[in-house]
Amino acid sequence: HAKCYGWWLAGPEGGPPREAKSAKGWETSLGVLEETLRREGPFDGLLGFSMGAAASALLCAAIESKRVSCCHDQFKFALLFGGFVPRDPVLAESLRDAKLTIPSIHYSGLSDELVVADRSRELVGCFSEGVATFESHPQGHCIPSLREVREKCKA
């Protein structure tokens, strides 16, 4: 059996992970991230893809709410691709209540069938007004290697 890795494991409800209503292991992942920030930081920004984009937003929420004791004001920006608000009600509430202040760009693929644009837009709503930008790209569930995306991210 191969080991599976993720920021959390989908709950036991059955069905695909993207429909799971619980997330087991996030607190452990948050502890690993906090230790990594303490040991290897500071970092200029975050780049997250899919569950990693959701985890990046959750990390920012933990930092801004001071649930994580290190690294306040560490990140200057976040680039989030195919991100979403987790369906776990506790994690979802922590994001929705956060009104994150970190400047961010959220990308959604027009052909993405795993994380549809509405789910990425929901994550944008967890950020304070004026700090989050929503953009589309013509590909699917990926970090696109397109000039226009690179230029926007550099700006």
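Residues numbered from 1 in each chain as written. Predicted model: local features only at pLDDT ≥ 70, side-chain atom pairs only at ≥ 80, totals over all residues. Heavy atoms only, no water.

Colleague: With reference to specific residues and values, describe the sheet that holds strand β4 (residues 77–81).
Modeller: The parallel open sheet is built from four strands, whose spatial order is β3-β4-β5-β6. What marks the edges here is a single partner per strand, and that holds for β3 (45–49) and β6 (132–137). The average angle at which neighbouring strand axes cross in this sheet is 15 degrees, direction not considered. In terms of strand pairing, strand β5 (residues 104–109) meets β6 through six bridges, oriented parallel. (Pairing = 2+ DSSP bridges. Helix = DSSP H or I, 4+ residues; strand = E, 2+ residues; numbered from the N terminus. Axes fitted to C-alpha atoms, helices over the stretch in contact; angles between N-to-C directions.)

Colleague: I'd like a description of the side chain of D112, backed by residues and values.
Modeller: Relative to the assigned elements, D112 resides in the loop between β5 and α4 (117–124). Within the structure, D112 has its side chain in polar contact with the backbone nitrogen of V115 (distance 2.9 Å). Within polar-contact distance, the side chain of D112 engages the side chain of H141 at 2.7 Å. The contact partners of D112, leaving out residues within four places of it in the chain, are G82, Q139, G140 and H141. (Polar contact = N/O pair within 3.5 Å; in protein donor to acceptor, adjacent residues only side chain to side chain. Contact = heavy atoms within 4.5 Å.)

Colleague: Account for a nonpolar patch on the surface, with residues named and values stated.
Modeller: Residues L47, F49 and I143 make up a contiguous nonpolar surface patch of roughly 260 Å² in combined accessible area. Along the polypeptide, F49 turns up in strand β3. (Patch = residues over 30% accessible without salt bridge, like charges linked within 9 Å, V, L, I, M, F, W, Y side chains within 5 Å. Areas by Shrake-Rupley, 256 points an atom, 1.4 Å probe, with all protein chains shown as cover. Salt bridge = Lys/Arg side-chain N within 4 Å of Asp/Glu carboxyl O.)

Colleague: Residue-level account of the environment of L47, with values.
Modeller: For L47, the position within the fold is in strand β3. As for L47 and G109, which are separated by 62 residues in sequence, their C-alpha atoms are 16 Å apart. Apart from residues no more than four positions distant in its own chain, L47 is found in contact with S56, L79, F81 and I143.

Colleague: Give a description of the pattern of salt bridges that names residues and reports values.
Modeller: Within the structure shown, the criterion is met by ten salt bridges. For R38, the salt bridge is made with E34, and the minimal N-O distance between the two is 3.2 Å. Placement of the pair is R38 and E34 together in helix α1 (residues 26–40), with a separation of four residues, close to one helical turn. Among the residues examined, R38 registers a relative accessible area of 43% and is labelled partly exposed. Relative accessible area serves as the criterion here: at 16%, E34 is assigned to the buried category. Each member of the salt-bridge network shares a partner with another, and the members are E34, E35, R38, R39 and E40. (Buried < 20%, exposed > 50% of the residue type's maximum accessible area, 1.4 Å probe, protein only.)

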